[in-house]
Amino acid sequence: MKLELRGITKRFGPLVANDHIDLVVEPGEVHALLGENGAGKSTLMNVLFGLYKADEGEIVVDDEPVAFKGPGDALAAGIGMVHQHFMLVPVFTVAENVMLGHEPTRGGGLLDLDAARRTVRELSDRFGFGLDPDAVVEDLPVGVQQRVEIVKALVRDARVLILDEPTAVLTPQETDELIAIMRELKAQGTSIVFITHKLREVKAVADVITVIRRGAVVGSASPDAAETELAAMMVGRAVSLGVDKAPAEPGEETFQVEHLTVRDANGIAVVDDVSFSVARGEILAVAGVQGNGQTELSEAVVGLVPATGSIRLEGRELVGLSPHEILDAGVGFVPEDRTVDGLVLDFTVAENLVLDLHDRKPFARGVALDLGAIRKNARERIEEYDIRTQGPAQEVGRLSGGNQQKVVVARELSRPLKVFVASQPTRGVDVGSIEFLHKRIVAERDNGTPVVIVSTELDEVAALADRIAVMYRGKIVGIVPADTPRAVLGLMMAGAGAEEAREQATETELDQLADEHTHETGAQQ
Amino acid sequence: MLGLLALVLFGLLPAGGRETTFGLSTSSDFVHLGPVTVPSKASAVVLSVLALLAAAYAGWCVSRARRVGRWVTIVFAVLWVLAFLTWAVAGKSTSLVSLLAGSLFLAVPLAFGALGGLIGERAGVVNIAIEGQLLTGAFGAAVFASIVSNAYLGLVAAPVAGLVIGALLALFTVKYHVNQIIVGVVLNVFAVGLTSFLYSSVLKENAATLNSPPRLPTLPIPVLGDIPVIGPVLFRQTLLVYLLYVAIVVGAIALFRTRWGLRVRAVGEYPAAADTVGIDVNRTRWGNVLLGSMVAGLGGAFFTVGSVGAFSQEMTAGKGYIALAAMILGRWSPWGALGAALLFGFSDKLQQVLGVLGTAIPNQFMLMLPYVVTIFAVAGLVGRVRGPAADGVPYVKE
């Protein structure tokens, strides 16, 4: 099936999310839609899938213009979508989720569950998904849930499959499996629209790449194009993907975590007897798949969750102190979700920049705030961090994700720190801002501050880390040097110990990796 | 589970008389069973000890980190109640059949209300307005049945009256995304105000023509109605009770076995997911709120044509809220709702029976019984229940 978008325009109030976008997806091709967060990729696909109504433009399927009133029409036209946030009912079984919306019945509207189970098994076998039709979806790992989503689309005879940021939630191994699935689907004639901002994956699987920036198509590229070239198209200027940083010069180990354990409401240890230490002038990156205790670990450091064990900063015990006392002790903390924990969205930029400093000099005079000092501070930070805002009085909620994150980081780094802990410091941040934030973090390290970065993005871990601690199910499975191969890290993220992972990442895999690497550098030259 | 210590006391405390008599049949029975008379103290002790054993078994399960089967709780509760009855009725006699039949009878509005509520909530709309739907249903049934002098036509008018409240609920919650709890409470107040106004301004003066409905006759079902104990309890009831059987069975099958039910549950759990497979979320919610309000309205007919006949102000007396509790206790399932409604109905009937018998317990405490049972049931027995995930959350699309 050939799918064409002609001049699609979608506005949200004054914001133009899609500006006359043209796109052609040929039968049986993997078409990558590359763009930063907020570039308008997802909006475009929601228009295509009938979830949003386009203000202008038309959708053409096999040279016939079509009008989708809702997702039902898009499905009927052979367009399937795997959403970034899975559209699966958690308490339903796999079969129930797959059949929902076009249920096989046995007369009288009675569900024919057996038929649904058979369909799931057939498709699952054909593509090697290994799905159990009677498993309840909420009990399945995300990688498997994603396959359920794909089956859901395939059952409806989707000939164009839209995958919206499908790898965001996957481990490297699961990502490889997904890429294999995409190749298999393509071989069987399904076209795929692959939305992502990850260059590596695009190059691995795409036939055609369309780059979108600020709601408009800025060009297309072939998968042979160098990563730097793609990144430059995406951002609109040359960006360095790596981080230029001098080798670490670790000093004295001033931040020590010993036998730290955090239990959740059910008494299960989500952080399980974790010990590590970080030296001055060193970045320790905590890698792992989302939900393996990293969040709780970082929150335990600032006293947001109760913990047992010991966290010592320059000899002072932090466990048992309140968050306020811990921040006063010199801990800088960037929380995982800036919109929930890092910022008060309805407050101004200036106010957010002093959230944890408002009660001391120079921002406080007795019980009153010194508004002049707060404004002056805001102007300085905005200048220093290149925060794109209309001014100190603008509400933070109206800034882009990257600028919001700059506000959080600027606030935390604007006071003298003894340790800096950042959780997902660049999640949902555009490539340009990532570059900037990474530089600031490295600068803080070079100031002699111990730095802990929690990140689920291996690219970020590789870019920043001097050492890498990999967490799996609440435990640190190993602390390895920064130059550890991805394949080994991937296996460790799935629970293998460092030694074991190295052995398992067999020579062939490592060779393959080396090949890809030379291929990439070759292409760049 | 520790509350059972108290009931050992029941058994061991000196009871008023030595013998307790349970009537098992009425005089008109085809098969006549003689009343059972048991020595009250001994049997109370035996029953209490058995209940204690059940509790001990549950405790043992817990200590072994095993799940306690539901049947243990049920066995415990039945034994507890029997022990209590034996003690309370000691020295007198009571009819077990009329106790059970009365429980079912009183459970009717609760079960209809709970079923109506869960039909809405399964689709994601909280229906606090059950009380209002019962009340308008009762009103509509009374007035219409009076005008046409036919109790059965009252059963037609009741759902229509409930529908009025349901339509308002759907309009504000589904279409305009107003907070569902607030709209529900307001509609309850509205229903009380409207029916009270109409009652005092119209019905009172024309009571003979507008507020003297015939009552639903008891329709014994041949053969089934002649089964000892069960027959009189289940099959010598009014049409409304038989309709309840049908509604529960149809509701259970429709919700869990049909395409309609799967879609409704998807809408209540994760409306965005339903939307992406082409299900119209808001239309489903409209449909379910309207259907649910009709079911609850039908339950309202119980208060007038189903029992006393004439309508009086605020005659539902909070039954709609107990129905809401029954829905939650029944974990949003029709059979569960029926079970919970029967439990509440039983406690209500028990209170009446014991009030008549005049036991040692002060009357005020007996009047509290249904409400105390409600609190304990919802707080204690339910534990952590999970309602539909999107219950109460309006579905707003870009």
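Definitions and cut-offs
Residues numbered from 1 in each chain as written. Chains lettered and ligands numbered in written order. Predicted model: local features only at pLDDT ≥ 70, side-chain atom pairs only at ≥ 80, totals over all residues. Heavy atoms only, no water. Helix = DSSP H or I, 4+ residues; strand = E, 2+ residues; numbered from the N terminus. Buried < 20%, exposed > 50% of the residue type's maximum accessible area, 1.4 Å probe, protein only. Contact = heavy atoms within 4.5 Å. Areas by Shrake-Rupley, 256 points an atom, 1.4 Å probe, with all protein chains shown as cover. Pairing = 2+ DSSP bridges. Axes fitted to C-alpha atoms, helices over the stretch in contact; angles between N-to-C directions. Buried area = accessible area lost by both parts, 1.4 Å probe. Salt bridge = Lys/Arg side-chain N within 4 Å of Asp/Glu carboxyl O. UniProt positions renumbered as here; feature names shortened; annotations may be inferred. pLDDT = per-residue confidence, 0-100. Polar contact = N/O pair within 3.5 Å; in protein donor to acceptor, adjacent residues only side chain to side chain. Phe/Tyr/Trp six-rings, centres within 6.5 Å; stacked < 30°, edge-to-face > 60°. Lys NZ or Arg CZ within 6 Å of the ring centre and 35° of its normal.

A.B. asks: Which residues make up the overall build of chain B, and what values do they have?
C.D. replies: Looking only at helices and strands, one finds 17 helices and five strands in chain B. Across the 398 residues of chain B, 51% fall into the buried class. Partitioning the intrachain contacts of chain B with sequence separation of at least 6 by distance along the chain shows that 75% fall at a separation of at least 24. By element, 71% of the accessible surface of chain B is carried by carbon and sulfur atoms, the whole surface being about 17600 Å².

A.B. asks: Any chance you could break down unusual backbone geometry for me, citing the residues and the numbers?
C.D. replies: All names here are of chain A. Although it is not a glycine, Q424 sits at a positive phi angle of roughly 45 degrees. Note that Q424 resides in the loop between β19 (419-423) and α15 (431-446). Exposure remark for Q424: the relative accessible area of 4% places this residue in the buried category.

A.B. asks: Any details on the sheet that holds strand β11 (residues 253-263) of chain A? Residues and values, ideally.
C.D. replies: Residue and element names in this part refer to chain A. Across the sheet, which stays open at both edges, the four strands sit in the order β12-β11-β14-β15 with antiparallel pairing between neighbours. The open sheet has two edge strands, β12 (269-279) and β15 (316-317), and neither has a second partner. The pairing of β11 with β12 spans seven bridges and is antiparallel. Bridging across to β12, E253 finds its partner in A279.

A.B. asks: Explain the sheet that holds strand β20 (residues 451-454) of chain A to me, using residue names and the numbers behind them.
C.D. replies: Adjacent strands of a sheet form backbone hydrogen bonds with each other and so pair up, either parallel or antiparallel. All names here are of chain A. The strand order β16-β19-β20-β13-β21-β22 describes an open sheet built from six strands, whose pairing is mixed. What marks the edges here is a single partner per strand, and that holds for β16 (331-334) and β22 (475-481). Each neighbouring strand pair of the sheet contributes to a mean axis angle of 15 degrees, computed without reference to strand direction. In this sheet, β20 lies alongside strand β13 (residues 283-287) in parallel orientation, the contact comprising four bridges. Opposite A285, over in β20, you have I453 as the bridge partner.

A.B. asks: Give me the interface of chain A and chain B: which residues, what numbers.
C.D. replies: The interface is formed by 30 residues belonging to chain A together with 21 residues belonging to chain B. For the chain A and chain B pair, buried surface summed over both sides reaches about 2100 Å², with 64% attributable to carbon and sulfur atoms. For the chain A face of the interface with chain B, the top three residues by lost area are M87, L100 and L111 of chain A, together amounting to 23%. Counting every contact that joins chain A to chain B gives one salt bridge.

A.B. asks: Could you give an account of the UniProt feature "domain: ABC transporter" (unreviewed entry) in chain A, naming the residues involved and the relevant values?
C.D. replies: All names here are of chain A. What UniProt calls "domain: ABC transporter" (unreviewed entry) maps, in this numbering, to residues 3-239 and 255-498. Structurally, residues 3-239 comprises 34% helix and 27% strand, and the distance from its first C-alpha atom to its last is 33 Å. Structurally, residues 255-498 comprises 34% helix and 26% strand, and the distance from its first C-alpha atom to its last is 23 Å.

A.B. asks: Tell me about the confidence of the model for chain B, and name the residues and values.
C.D. replies: For chain B, the average pLDDT comes to 81, and 79% of its residues sit at 70 or higher. Both confidence scores are given for the complex: pTM 0.76, ipTM 0.82.

A.B. asks: Which residues make up the side chain of E412 of chain A, and what values go with them?
C.D. replies: All names here are of chain A. Tracing the backbone through its elements, the reader meets E412 in helix α14 (residues 401-413). A polar side-chain atom of E412 sits 3.4 Å from a polar atom in the side chain of R415. Among all residues touching E412, those that are not within four sequence positions of it are G332, F333, V334, D356, L417 and F420.

A.B. asks: Outline the packing of aromatic side chains, supporting the account with residue identities and numerical values.
C.D. replies: In this structure the tally under the stated criterion is 10 aromatic pairs over all chains. Their ring planes at 90 degrees and their centres at 5.1 Å tell us that F139 of chain B and F311 of chain B sit as a pair that is edge-to-face. In this pair, F139 of chain B sits in helix α5 (residues 130-148) while F311 of chain B sits in the loop between α14 (304-308) and α15 (319-329), placing the two residues 172 residues apart along the sequence. Feature note: the residues F105, F302 and F303 of chain B constitute an aromatic cluster, connected by ring pairs. Against the face of F436 of chain A rests K406 of chain A, its NZ or CZ located 5.1 Å from the ring centre.

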